[in-house]
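Per-entry structural report
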Amino acid sequence: MPSSTRRRRVDDSEEEQDVAPPSQRRTQASTSASASAGPSRSQRNSPTSSITNGIDLTAELRPQPLGKEHISNINGLMADLKAQDSSIAKCIELLSETAEQAAEAFRHQDECPQLEQADADLRELIDAQAEKAIRKSVLMEIVQDLQAGVGDPAKRYKDEVQKKLDAYNKQTSRKKYAKNTDYHNFKNVVWVAREEGAMPPVRDLIPAEEGDDQGSDDDLEIGGVSQNFRCPLTTNLLEDPLTNTNCTHSYSRSAIMEYVAAGNNRCPASSCTATVTQRTLKQDPALSRKVAAFKRREEERIIARRQISTVLY
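In the annotation of an unreviewed UniProt entry, the entry for the protein chain reads SP-RING-type domain-containing protein, and the organism field reads Ustilago hordei. Under the heading Subcellular location (unreviewed entry), UniProt records this for the protein chain: "Nucleus".

Have a look at this one:
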């Protein structure tokens, strides 16, 4: 082959390389450089290797045992749980107020889906409270163990929490909620708004389940009481009620303020020896709503009796 022809082919090949896109030329150059430089840093530090820059990641990331120096961290966890308890308590308070309003609004209906949902929501909140209480109690035990330098705190926390949660979840609804103060107050609020007379024991308002012992003394509890909406001073229905924080008795504002101003400092309720002062008297919005609802029901009963009398006579 003539030398001139060979030179033209070489020149054509070089020209093709020159007209290749810049990105392609950079990729080719990078590939060549990488091949000559050996494995990259990311390849050397890949997860398949437990050694990175002389550090054994497997050993460094292994869970470390708890010691006395971690007690402050555990106390922080307990403080967080306590804050969550406060939030749950506020939710329960709002839920009870909503249920009271629903009970009053639908008091003439035999069934009220809103109240059934509120009951279910309250049970979930009570369960959440129980879980927080379990976790706090186990954490307190772990702090004691750390101070004494015994046991395996991390394993104990996991095992003890699960054990106590399992025991709680195995309980029947009556055993979980019948003696719970928040649940009792909730049921009493609904009962007062919809029914007459004293509320029966809460356990009687919860359907029996397998495992409930009908005759067990452990399940005995005090039922609701007929709430008295009359002022012990005036014997009339409460007006703008104030409640004594020392004994929870309530009075009409004007009557109790006049009573205290006259120098009296003993609760005027029968057989009560608690002290009453202006400082111990607090406004009671919830009681005000109950009194208003009671007045409406009394008016409805009076109208109903009059209508019956008209029909009969």
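Each helix and strand counted, the protein chain has 12 helices and five strands in total. Among the 313 residues that make up the protein chain, the fraction classed as buried is 31%. Here the protein chain displays about 21000 Å² of accessible surface, and carbon together with sulfur accounts for 51% of that area.

On average, residues of the protein chain carry a pLDDT of 77, and 69% of them reach 70 or more. Between residues 13-23, whose pLDDT stays under 50, and residues either more than four places distant or in other chains, the model counts four contacts. Below pLDDT 50 for its whole length, residues 215-223 participates in 16 contacts with residues either more than four positions away or in separate chains.

Ranked by size, the top nonpolar core spans 36 residues in total, and within it I74, L115, L122 and Y183 carry the most contacts. Of all the elements in the fold, those that place two or more residues in this core are α5 (71-105), α6 (113-148), α7 (153-169) and α9 (181-194). For this core, the element with the highest residue contribution is α6, accounting for 12 residues. Among residues more than four places away in sequence, those in contact with L115 are A99, A102, A103, F186, V190 and R194. Counting residues in each nonpolar core, the second largest holds 19 residues, with V192, L238, L242 and L281 among its members.

A sheet is described by the order of its strands in space; here three strands give the open sequence β4-β3-β5, paired in antiparallel fashion. Bordering the open sheet on either side are β4 (250-252) and β5 (281-283), each of which pairs with just one other strand. Each adjacent strand pair in this sheet contributes to an overall mean axis angle of 40°, direction not counted. Sheet analysis places strand β3 (residues 241-244) next to β4, joined by three bridges and oriented antiparallel. Bridge pairing in β4 links P241 to S252. Sitting on the sheet, helix α11 (residues 253-261) is in contact with β3, β4 and β5, with an inclination near 95° to β4.

If you add up the space inside the second largest pocket, you get close to 400 Å³. Around the second largest pocket, the lining is made up of 15 residues, and of these D110, L115, K187, V190 and R194 lie nearest the centre. For the lining of the second largest pocket, the elements supplying multiple residues, two or more each, are α6 and α9. The residue inventory of the lining of the second largest pocket, partitioned by class, reads six nonpolar, one polar and eight charged.

A few words now on the side chain of K187. In this structure, K187 sits in helix α9. Ignoring anything within four residues of it in the chain, the contact list for K187 reads D119, M199, V202 and L205.

A word on the side chain of R123. Relative to the elements of secondary structure, R123 occurs in helix α6. Within the structure, R123 has its side chain in polar contact with the side chain of S173 (distance 3.4 Å). Setting aside residues no more than four positions away along its own chain, R123 makes contact with S173, Y177, Y183 and I206.

Between α6 and α7, the shortest axis-to-axis distance is 9 Å and the interhelical angle comes to 150°. It follows from the interaxial angle that α6 and α7 lie roughly antiparallel. As α6 packs across α7, the resulting crossing turns out to be right-handed. Partitioned by chemical class, the residues of the contact of α6 with α7 number 12 nonpolar, one polar and eight charged.

This paragraph deals with the packing of α5 against α6. Where α5 meets α6, the axes come as close as 9 Å, and the angle between the chain directions of the two elements is 165°. On the basis of the axis angle, α5 is roughly antiparallel to α6. Crossing of α5 against α6: the hand is left-handed. Here the contact of α5 with α6 is built from residues that sort into 23 nonpolar, five polar and six charged.

Another point: the environment of S72. Structurally, S72 is set in helix α5. Taking the C-alpha atoms as reference points, S72 and V143, separated by 71 residues in sequence, lie 9.2 Å from one another.

A few words now on the packing of aromatic side chains. Tallied over the full model, the rule gives two aromatic pairs. Where Y183 meets F186, the ring centres are 6.4 Å apart and the plane angle is 25°; that geometry is what we call stacked. With a gap of three residues between them, Y183 and F186 both fall in helix α9, about one helical turn apart. Overall, Y183 belongs to the buried group, its relative accessible area being 0%. An aromatic cluster of at least three residues, connected via ring pairs, comprises Y177, Y183 and F186.

Conventions used here
Residues numbered from 1 in each chain as written. Predicted model: local features only at pLDDT ≥ 70, side-chain atom pairs only at ≥ 80, totals over all residues. Heavy atoms only, no water. UniProt positions renumbered as here; feature names shortened; annotations may be inferred. Helix = DSSP H or I, 4+ residues; strand = E, 2+ residues; numbered from the N terminus. Buried < 20%, exposed > 50% of the residue type's maximum accessible area, 1.4 Å probe, protein only. Areas by Shrake-Rupley, 256 points an atom, 1.4 Å probe, with all protein chains shown as cover. pLDDT = per-residue confidence, 0-100. Contact = heavy atoms within 4.5 Å. Core = buried A, V, L, I, M, F, W, Y, C linked by side-chain atoms within 4.5 Å. Pairing = 2+ DSSP bridges. Axes fitted to C-alpha atoms, helices over the stretch in contact; angles between N-to-C directions. 1 Å grid on protein atoms, 1.4 Å probe; cavity = no way out; pocket = protein on both sides within 12 Å on 5 of 7 lines; lining within 4 Å. Points joined across faces, edges and corners; volume = space filled by probe spheres on them. Nonpolar A, V, L, I, M, F, W, Y, C, P; charged D, E, K, R; others polar. Polar contact = N/O pair within 3.5 Å; in protein donor to acceptor, adjacent residues only side chain to side chain. Parallel < 35°, antiparallel > 145°, perpendicular 65-115°, else oblique. Left-handed = near helix turned anticlockwise from the far one by under 90°. Phe/Tyr/Trp six-rings, centres within 6.5 Å; stacked < 30°, edge-to-face > 60°.

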